[in-house]
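Descriptive analysis of the structure
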Amino acid sequence: GSLGQSAYSVYGSSTMACLNGVTTFAVIPGLTQTINVPAGYSVLISTYGGFQTTATGIGYSTVDFGLFIDGSLPTNGGFQRNSALTNNAVGTTLSIWSMSQSLSLSAGNHTFETRAKWSSGSSANVSGDNTTAVQGVLTVTLIKN
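Conventions used here
Residues numbered from 1 in each chain as written. Predicted model: local features only at pLDDT ≥ 70, side-chain atom pairs only at ≥ 80, totals over all residues. Heavy atoms only, no water. Helix = DSSP H or I, 4+ residues; strand = E, 2+ residues; numbered from the N terminus. Rg over C-alpha atoms; globule rule 2.2 N^0.38 Å. Contact = heavy atoms within 4.5 Å. Areas by Shrake-Rupley, 256 points an atom, 1.4 Å probe, with all protein chains shown as cover. Lys, Arg positive; Asp, Glu negative; His and termini not counted. Charge placed at Lys NZ, Arg CZ, Asp CG, Glu CD. Buried < 20%, exposed > 50% of the residue type's maximum accessible area, 1.4 Å probe, protein only. Polar contact = N/O pair within 3.5 Å; in protein donor to acceptor, adjacent residues only side chain to side chain.

**Observations concerning the overall build of the chain**
Within the chain, the regular secondary structure consists of zero helices and 11 strands. Starting at the N terminus, the α and β elements of the chain follow one another as β-β-β-β-β-β-β-β-β-β-β. Over its C-alpha atoms the chain spans a radius of gyration of 16 Å, differing by no more than 12% from the 15 Å that the globule rule assigns to 145 residues. Oriented by its inertia axes, the alpha-carbon framework of the chain measures out at about 55 × 30 × 20 Å. In the chain, of all internal contacts separated by at least 6 residues, the share reaching a separation of at least 24 is 80%. When the accessible surface of the chain is totalled, it reaches about 7100 Å², and 50% of it is carbon and sulfur. Measuring between centres, the 4 positive side-chain charges of the chain sit 7 Å from its 4 negative side-chain charges.

If you want it as structure tokens, here you go:
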């Protein structure tokens, strides 16, 4: 952009099932993008969205979320653990993940992803498409130094 900033967003395209016992991070559908970072630029990465437990009666799901850059979590930050609950009185609640991080990266192409994995409790449904209240978003902003 004219001020030395450009932002690129991608959106959740479908629901991801975080299955009980599967402890490997997987890319949330739609939340990946490759950006060419010019020399002299920093990046600001942000992601948010929601999920629900599949538990019935009284139960919960705990899900880990990661902000991956070129296939790896950053050394510091970029990781979050959240829980969604259900009980007979209020039904199933939505839980939200939200995180951001600024980084200095080398010039060139870099791939940014929001990933999730089951941590404990019941399975969970993560993100969705534009017809849901839990659709995830991943935004990468380039900022000229």
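The structure having been displayed, the exposition proceeds.
**Details of unusual backbone geometry**
A positive phi angle, near 50°, is found at Asp70, a position not held by glycine. Classification of Asp70 as partly exposed rests on a relative accessible area of 42%. For Ser127, which is not glycine, the phi dihedral falls at a positive 60°. Within the element layout of this structure, Ser127 appears in the loop between strand S10 (124–126) and strand S11 (137–144).

**Here we look at the side chain of Gln33**
Residue placement: Gln33 occurs in strand S3 (residues 26–37). The class of Gln33 is buried, set by a relative accessible area of 9%. Within polar-contact distance, the side chain of Gln33 engages the backbone oxygen of Leu138 at 3.2 Å. Filtering out sequence-adjacent residues up to four positions away, Gln33 remains in contact with Tyr8, Ser9, Val10, His110, Thr111, Phe112, Leu138, Thr139 and Val140.

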